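Next come the chains, spelled out residue by residue.
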Amino acid sequence: MNTDTLTLESDQQRLRLVPEYGGGVIGWDWKLDGQWSPLFRPWNGESEDRYTLSCFPLVPWSNRITGGGFEHEGVFHALRLNRTGESYPIHGDGWLQSWQVSERASDRIKLALESDKFDGNPYHYRSTQTFLLLPDGLQIDLTVTHLGPGSLPYGLGLHPYFMRNAQTRFMARAEGVWLSGDDPIPVEHVTNFPESFDYNTPAPLEGPMIDHCFSGWNGKAVIEYPDRALTLTMVMPDCNGYSLMYRPPGYDFFCFEPITHPIDAFHMPEQPGLAILGHGDSLALRAKFLVSGANLSQS
């Protein structure tokens with residue numbers, strides 16, 4: 001593929017970005033025994049499908065919206081389908097557009113996007129992503145500012161793909177989960193987790209499909225890789241209790257997404273987690289991905 005790749009690299013880690021493809025990450029690797037070992041699932045280098053990337057931003061909303069759009073202050077705002085095979089508009093539109101480099105230093109890159117009613121949707125906004133290499137990991141800051149008139153409901157999220165195998169163990173404490181019917185849209189919230197859905201204690205990443213939103217998440221998720229003697233901890237400091245897990249059976253990856261609102265919050269009572277932004281108002285999300293257990297000075 002002919003696209004510009006940006007790289008941030010230190011002695012311990014390497015981050016690669018493709019601004020043209022939705023401001024997406026195509027690889028985040030950690031150095032073990034002198035070799036790069038992937039922490040995010042690496043891009044295959046061929047497909048333009050953003051779902052093959054390592055991580056991409058969710059702006060100006062996360063996950064699916066039903067009803068062909070949403071109503072706000074008495075006005076219905078239509079949204080078009082934006083992914084082949086999906087029955088609902090999904091993940092906003094920032095992931096479908098080309099981003100620009102706003103700032104660059106040895107340890108950070110800031111990307112920016114101004115989107116004005118992309119594909120006919122109602123949103124005019126500016127979004128930024130700042131990628132910062134930490135001594136023990138990676139920090140991603142995602143922001144959005146409403147540039148249009150009046151106000152609109154906004155949400156944010158990140159969509160990282162983590163590596164997994166039979167030895168991998170995962171923990172993310174939560175209080176409940178929204179169950180779905182024949183499609184991924186929530187129909188019922190329960191606090192009695194279905195079998196293999198409970199990650200309040202470390203558990204393997206095996207079992208049937210999970211494509212569900214969890215409530216009461218405490219903002220911390222821990223992935224243990226015994227085969228690599230390292231632990232990856234994701235922290236969302238300002239978490240408001242929502243996370244989304246995608247665990248497809250039979251694959252070598254899974255997703256655990258820090259988000260600001262549940263699936264289809266636009267059609268839930270009181271629109272939980274959504275931020276109503278007026279002109280010039282902003283919303284921000286920060287996620288840290290911290291590595292421990294590995295020899296940080298190893299080369």
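Preceding this paragraph is the structure being described.
Just so you know, these numbers come straight off a predicted model, no measurement behind them.

1. Description of the overall build of the protein
- A tally of regular secondary structure across the protein gives zero helices and 25 strands.
- The C-alpha atoms of the protein give 19 Å as radius of gyration, which agrees with the globular expectation for 299 residues (19 Å, within 12%).
- For the C-alpha atoms alone, the extent of the protein along its principal axes is close to 60 × 45 × 35 Å.
- For the protein, the proportion of its 299 residues judged to be buried stands at 57%.
- Taking the contacts inside the protein whose residues are at least 6 apart along the sequence as the reference set, 64% of them involve residues at least 24 apart.
- Carbon and sulfur atoms form 46% of the exposed surface of the protein, whose accessible area is close to 12400 Å².
- If the 21 positive side-chain charges of the protein are averaged to one point and the 36 negative ones to another, these points end up 6 Å apart.

2. Concerning empty space enclosed by the protein
- Applying the stated criterion across every chain yields a total of two cavities of 30 Å³ or more.
- Its boundaries defined by the atoms lining it, the largest cavity holds a volume of some 60 Å³.
- Contributing to the lining of the largest cavity are Ala172, Ala174, Phe193, Phe197, Asp198, Tyr199, Asn200, Phe214, Trp217, Ser243, Met245 and Phe256.
- Residues belonging to the lining of the largest cavity are distributed by class as follows: nine nonpolar, two polar and one charged.
- Quantified by volume, the second largest cavity comes out at close to 40 Å³.
- Lining the second largest cavity, in full, are Met171, Arg173, Asn218, Lys220, Ala221 and Val222.
- Looking at the lining of the second largest cavity, the element that brings in the most residues is strand S20 (residues 220-225), giving three residues.
- Residues of the lining of the second largest cavity, tallied by class, amount to three nonpolar, one polar and two charged.

3. Let's talk about the packing of aromatic side chains
- Using the criterion set out here, one finds 23 aromatic pairs in the structure.
- Here the aromatic rings of Phe56 and Trp95 are separated by 5.5 Å at their centres, their planes lie at 25 degrees, and the arrangement is stacked. One end of the pair, Phe56, is in the loop between strand S4 (35-38) and strand S5 (57-58); the other, Trp95, is in the loop between strand S7 (75-78) and strand S8 (100-104), with 39 residues separating them in the sequence.
- Given a relative accessible area of 0%, Phe56 falls into the buried group.
- Given the relative accessible area of 2%, Trp95 is considered buried.
- Within the aromatic cluster, the residues linked to one another by ring pairs are Trp28, Phe40, Phe162, Phe170, Tyr199, Trp217, Phe254, Phe256 and Phe289.
- The side chain of Arg41 reaches across the aromatic face of Tyr161, ending 3.8 Å from its centre.

About the cut-offs
- Residues numbered from 1 in each chain as written.
- Predicted model: local features only at pLDDT ≥ 70, side-chain atom pairs only at ≥ 80, totals over all residues.
- Heavy atoms only, no water.
- Helix = DSSP H or I, 4+ residues; strand = E, 2+ residues; numbered from the N terminus.
- Rg over C-alpha atoms; globule rule 2.2 N^0.38 Å.
- Buried < 20%, exposed > 50% of the residue type's maximum accessible area, 1.4 Å probe, protein only.
- Contact = heavy atoms within 4.5 Å.
- Areas by Shrake-Rupley, 256 points an atom, 1.4 Å probe, with all protein chains shown as cover.
- Lys, Arg positive; Asp, Glu negative; His and termini not counted.
- Charge placed at Lys NZ, Arg CZ, Asp CG, Glu CD.
- 1 Å grid on protein atoms, 1.4 Å probe; cavity = no way out; pocket = protein on both sides within 12 Å on 5 of 7 lines; lining within 4 Å.
- Points joined across faces, edges and corners; volume = space filled by probe spheres on them.
- Nonpolar A, V, L, I, M, F, W, Y, C, P; charged D, E, K, R; others polar.
- Phe/Tyr/Trp six-rings, centres within 6.5 Å; stacked < 30°, edge-to-face > 60°.
- Lys NZ or Arg CZ within 6 Å of the ring centre and 35° of its normal.

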